[in-house]
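Fold and contact review
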Amino acid sequence: MLLVACAAKFGGKRLVFRGTMPRSKQARKQLLKSGFFDDPNVGKVKEGYSNRDNLLVTHGKTSVEAAMTADLMKRAAESVWGTNAYSPGVQSIFVELMHNTNNHASPLAKGEKDWWISVTLDRENRRAKFVFADLGIGVVKSLNRKQQGSKWFDIKTKAYTVFQTNNPAYYLKLILDRTLHQTVTDKQYRGKGLPTIKTILDRNGITNLLIVTNNVRADVSNDRYISMGCSLEGTLVSWELNASNTCLYER
Amino acid sequence: MLVREMTTTELSIAKGFCKTPGSRSRNEGDFSGEQFREDVLAPIVTDVLRDGGLLFVDLDHTYGYGTSFLEEAFGGLIRTNVATGPELHRILSFKSDQEPYLIDEVWEYIDEAEALRSKLRN
């Protein structure tokens, strides 16, 4: 999906997007099944490269499209639990992430950055995998750029006073469990945005939550937060639904 | 002793607005909290306050909420001077059998907005 997002960036600048297939057989197979070659930004590909019966992709949106994500969510939930099932947790996550991209992904103005979604349905194992990404500024950089008047203004200095570290991976953990906000504002905080997603994980609404943003990789489900040697200019969030997660049924 | 019976107005967000609530503001996309507040919730709250009644809001049977929708819808009632926090505490009650924690969240948004309003007034 990030490749598609990059291809769209190239296309926007009228540049041809070229590349070779991955060497790994598994990666090659995954790429072929992903629908990447169906994307109009990718250009001509050999026939037979469009086998994507188990993948739903949407991209290039900047606004919050709750009706569209509800449709994706329902199709995924029904593949896991059967007819009329739905997952309010997954829909809430979609709305939070679309809102974040719309509001925070560009340092210049709201609604400037596209978001991308892919949903892979594994009917055999009753699982669905979701990936949401934008190529915006990223969570860590966004936080560091907050202007005076924002509760997050000068967060680095304030947080360093308390935690004695500037490790961005540690800060992402503190954001997700609300500690950072509580420390900075000295107020109880139920949390909006990213903390809400962690709460949905804690309530068993989803499983295998992973966040990659700037140089931080957060395997939230396993409480592993690491600083990487490389950086993603943007935010990628992935999670799964399986039969053990909680769901609701429409009447 | 004169006992005046209070009328309770019932509002289901799923039936009275939509099953796919969106984000905070109209300019962010369809079915926003702002749209719900301006087009549906605020007129009802105004009527209920004028008539001395109660308002019962059913949060169930949507496909899921973003926090910004609920904050803008209910906290926004205070920011736009439709009602005060104490007034909302007097008239509002909620049902959320499917996601019971939402009720506390909504009250938190109301109380935060009221705290900010009081702070700005003083």
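Residues numbered from 1 in each chain as written. Chains lettered and ligands numbered in written order. Predicted model: local features only at pLDDT ≥ 70, side-chain atom pairs only at ≥ 80, totals over all residues. Heavy atoms only, no water.

A tally of regular secondary structure across chain B gives 5 helices and 3 strands. When the elements of chain B are put in sequence order from the N terminus, they spell out β-α-α-β-α-α-β-α. Taking 122 residues into account, the globule formula puts the C-alpha radius of gyration at 14 Å, and chain B, at 14 Å, falls close to it. The proportion of buried residues among the 122 residues of chain B is 52%. The contacts of chain B with a sequence gap of at least 6 include a subset with a gap of at least 24, amounting to 70%. When the accessible surface of chain B is summed, it comes to about 5,900 Å², and 51% of that surface belongs to carbon and sulfur atoms. Across chain B, 13 positive and 22 negative side-chain charges occur, with their mean positions spaced 5 Å apart. (Helix = DSSP H or I, 4+ residues; strand = E, 2+ residues; numbered from the N terminus. Rg over C-alpha atoms; globule rule 2.2 N^0.38 Å. Buried < 20%, exposed > 50% of the residue type's maximum accessible area, 1.4 Å probe, protein only. Contact = heavy atoms within 4.5 Å. Areas by Shrake-Rupley, 256 points an atom, 1.4 Å probe, with all protein chains shown as cover. Lys, Arg positive; Asp, Glu negative; His and termini not counted. Charge placed at Lys NZ, Arg CZ, Asp CG, Glu CD.)

The interface of chain B with chain A comprises 26 residues on the first partner and 28 residues on the second. The largest contributions to the chain B side of the interface with chain A come from Glu28(B), Tyr63(B) and Thr67(B), which together make up 31% of the buried area. Linking chain B to chain A there are 1 salt bridge. Its salt-bridge partner being Glu250(A), residue Lys19(B) comes within 2.8 Å of it at the nearest N-O pair. At the boundary of chain B with chain A, the tally comes to 10 residue pairs in polar contact (both at pLDDT 80 or more). Elements supplying a minimum of two residues to the side of chain B that touches chain A: helix H3 (67-79) and helix H5 (101-121) of chain B. Looking at side-chain class alone, the side of chain B that touches chain A contains 5 nonpolar, 11 polar and 10 charged residues. (Buried area = accessible area lost by both parts, 1.4 Å probe. Salt bridge = Lys/Arg side-chain N within 4 Å of Asp/Glu carboxyl O. Polar contact = N/O pair within 3.5 Å; in protein donor to acceptor, adjacent residues only side chain to side chain. Nonpolar A, V, L, I, M, F, W, Y, C, P; charged D, E, K, R; others polar.)

Moving on, we come to empty space enclosed by the protein. Counted by the stated rule, this structure contains 1 cavity of 30 Å³ or more. One number sums up the size of the largest cavity: a volume of about 40 Å³. Surrounding the largest cavity, Tyr86(A), Pro88(A), Leu248(A), Leu59(B), Asp60(B), His61(B), Thr62(B), Tyr65(B), Ser96(B), Gln98(B), Glu99(B) and Leu102(B) form its lining. By residue class, the composition of the lining of the largest cavity is 6 nonpolar, 4 polar and 2 charged. (1 Å grid on protein atoms, 1.4 Å probe; cavity = no way out; pocket = protein on both sides within 12 Å on 5 of 7 lines; lining within 4 Å. Points joined across faces, edges and corners; volume = space filled by probe spheres on them.)

Turning our attention to the pairing of strand S4 (residues 127-134) of chain A. Residues and elements named next belong to chain A. With respect to burial, S4 is a largely interior element, 6 of its 8 residues being buried. Two strands pair when backbone bridges link them, and strand S3 (residues 115-122) and S4 are joined in this way by 8 bridges, in the antiparallel orientation. Paired with Trp115 across the two strands is Asp134, which belongs to S4. Bridge count for S4 against strand S6 (residues 224-242) is 8 bridges, and the pairing is antiparallel. Counterpart to Lys129 in the pairing with S6 is Glu240. (Pairing = 2+ DSSP bridges.)

Now for the confidence of the model for chain A. On average, residues of chain A score 81 in pLDDT, and 74% of them reach the 70 mark or higher. Ignoring residues within four places in sequence, the model shows residues 44-51 of chain A, a span with pLDDT below 50, making 7 contacts including any to other chains. (pLDDT = per-residue confidence, 0-100.)

Here we come to the packing of aromatic side chains. Residues and elements named next belong to chain B. The final tally for this structure, using the stated rule, is 13 aromatic pairs over all chains. Ring centres of Phe17 and Phe36 lie 5.1 Å apart, and the angle between their planes is 55 degrees; this geometry places the pair in the tilted category. A residue pair is termed long-range when its members are at least 10 positions apart, and Phe17 in the loop between helix H1 (13-16) and helix H2 (33-51) and Phe36 in helix H2 qualify at 19 residues. By relative accessible area, which is 16% here, Phe17 ends up buried. Since its relative accessible area comes to 0%, Phe36 is described here as buried. Here the aromatic rings of Phe94 and Trp107 are separated by 5.4 Å at their centres, their planes lie at 85 degrees, and the arrangement is edge-to-face. On the criterion of sequence distance, the pair formed by Phe94 in strand S3 (residues 92-95) and Trp107 in helix H5 is long-range, its members being 13 residues apart. (Phe/Tyr/Trp six-rings, centres within 6.5 Å; stacked < 30°, edge-to-face > 60°.)

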